[in-house]
Amino acid sequence: MDELLKTGLHDLHLRLGARMVPFAGYDMPVQYPAGVMKEHLHCRAAAGLFDVSHMGQVILRPKSGDVTDAARALETLIPVNVIGVAEGRQRYALFTDEAGGILDDFMVANRGDHLFLVVNAGCKEADFAHLRAKLSDTCEIEVITDRGLLALQGPQAEDALARLVPDVAAMRFMDVISVDTLFGELWISRSGYTGEDGFEISVPDAGAMGLAEALLAMDEVEPIGLGARDSLRLESGLCLYGNDIDTTTTPIEAALTWAIQKARRTGGERAGGFPGADKILQQIDGGTERRRVGMLPVGRAPIRPGIDLFAAEAGGEPIGKVTSGAFGPSIGRPMAMGYVSTALATPGTAIYAELRGKRVPVTVTAMPFRPPSVKR
């Protein structure tokens, strides 16, 4: 097995007593001594600091000097209106393939003279190669290798970060800014992966440890590992690439139709023109055979990824599968998401999950399981 990579904060995690696990080729903290439950609830009540430096950061710089040309080029790879993203704003996006499957999901920001993308750790090398192969004629593709990435999430995240970077207090959800600080130039977005208010902060390697330590010195900020990150995002109904979405799922099956703006849909000013457009646009207009849904099982036992779902308590073939499942500390009960036949995807529908040879009642539920708390 290849040696695991380490983020610039690896020594800090060890100092804080983290339990480390392999994740996307990196040695990452899954939890700290407080444990997943307390970390989760602390992030919901105050502020949690996540090391997400394993994720990929890349700049698309238009050779023409006009950022609209970079946006137009990126639109050939994704079903998202990038041209419509104003300077200082960012948007959720998806790389699709010719069959309409999802290659990765990511964030794209308009930073004035270039686009800045943050992509998933497990997909980043493939994403970088995809961008180079498809966009090198129009854009300089600059992979960022000398910056870490931190996420500060929770209702007190603004108070904490504003002590170091006062400018963040004026930001709203999905704003992006660049600020010179004692830790170097920070690239900050008001976004995250928890359903809470918060920020993602790209920081020069030389300043990453200092920034993390300065935030953790504040009473309201605690370190949060991958375990709580997963339960937080699941409570918020957010997809995990490789579990809930992949090349076998289309954006429409994944209930991500909202991420495809009107301009890229049938009849829009730039309809289609992205990989898998025929299938994806047909599904927007005509529906799909299956759908990603939320589920609340009866009882206290979580239903885990891979578990088959059935329409009846006995007999019949599976009608879907669980893709994510965990106990939700904030909602006080197990929760899951997965795919079911569209006919059974209406909230309130009763289905069954096969758990240790027994079928457990499950109710199809609208997501998120817990309302978001972002600053609009």
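Throughout what follows, the structure given in this document is the object of discussion. Note that the coordinates shown come from a computational prediction; the quantities given were computed from them, not determined experimentally.

A look at the packing of helix α5 (residues 157-164) against helix α6 (residues 205-216)
Then, in step 1: Running from N to C, α5 and α6 point in directions that differ by 125°, and their axes come no closer than 10 Å. When the axis of α5 is compared with that of α6, the two are oblique. In the crossing of α5 with α6, the sense of the turn from one axis to the other is right-handed. Residue-level inspection shows Ala160, Leu161 and Leu164 of α5 in contact with α6, the latter providing Leu211, Ala214 and Leu215.
Then, in step 2: Of the residues assigned to the contact of α5 with α6, the class counts are six nonpolar, no polar and no charged.

Quick notes on the packing of helix α2 (residues 36-45) against helix α7 (residues 226-235)
Then, in step 1: In contact at an axis separation of 8 Å, α2 and α7 are set at 55° when each is read in the N-to-C sense. Classified by the angle between their axes, α2 and α7 sit oblique to one another. Where α2 crosses over α7, the two elements pack in a sense that is right-handed. Where α2 approaches α7, its residues Val36, Glu39, His40, Cys43 and Arg44 are matched on the opposing element by Gly227, Ala228, Ser231, Leu232 and Glu235.

Focus on the sheet that holds strand β10 (residues 176-181)
Then, in step 1: The strand order across the open sheet built from six strands is β10-β11-β12-β9-β3-β13, with neighbouring strands paired in mixed fashion. For this open sheet the edge positions go to β10 and β13 (221-223), each flanked by a neighbour on one side alone. Direction aside, neighbouring strands of the sheet carry axes that sit 25° apart on average.
Then, in step 2: Where strand β3 (residues 47-51) and β13 come together, three bridges link them in parallel fashion. Along β13, the bridge assignment pairs Gly48 with Glu222.
Then, in step 3: Against the sheet, α5 makes contact with β3, β9 (147-153), β11 (184-189), β12 (198-204) and β13, and its axis sits at roughly 30° relative to β12, the strand it touches most.

Concerning the pairing of strand β16 (residues 320-328)
Then, in step 1: Of all nine residues in β16, seven are buried, a share of seventy percent or more.
Then, in step 2: Relative to β16, strand β15 (residues 308-310) runs antiparallel, the two sharing two bridges. In the strand pairing of β16, Asp308 is matched with Lys321.
Then, in step 3: The pairing of β16 with strand β17 (residues 333-341) spans eight bridges and is antiparallel. If you follow Gly320 over to β17, its bridge partner there is Val340.

About the thresholds
The residue numbers shown here count from 1 along each chain, following its written sequence. In view of the model being predicted, local features appear only for residues whose pLDDT reaches at least 70, and side-chain atom pairs are presented and counted only at 80 or more, with totals across whole chains, interfaces and linings using the full set of residues. To obtain the side-chain values, all non-hydrogen atoms of the structure were used and water was disregarded. Angles shown run from 0 to 180 degrees and are taken between the N-to-C directions of axes, each axis being a line fitted to C-alpha atoms and, for helices, limited to the stretch in contact. In this text, helices come from DSSP runs of H or I with a minimum length of four residues, and strands from runs of E with a minimum of two, each type numbered from the N-terminal end. Should an angle fall under 35 degrees it is called roughly parallel, over 145 degrees roughly antiparallel, and 65 to 115 degrees roughly perpendicular, with every other angle called oblique. With the far helix as reference, a near helix turned anticlockwise by less than a right angle produces a left-handed crossing, and one turned clockwise produces a right-handed crossing. Contact criterion: two residues are considered in contact whenever any of their non-hydrogen atoms come within 4.5 Å of each other. Three categories are distinguished: nonpolar for Ala, Val, Leu, Ile, Met, Phe, Trp, Tyr, Cys and Pro, charged for Asp, Glu, Lys and Arg, and polar for the others, with Gly belonging to the last. Two strands qualify as a pair provided that DSSP identifies no fewer than 2 bridges between them. Here's how the labels work: a residue is buried when its accessible area is under 20% of the maximum for its type, exposed when over 50%, partly exposed in between, all with a 1.4 Å probe on protein chains only.

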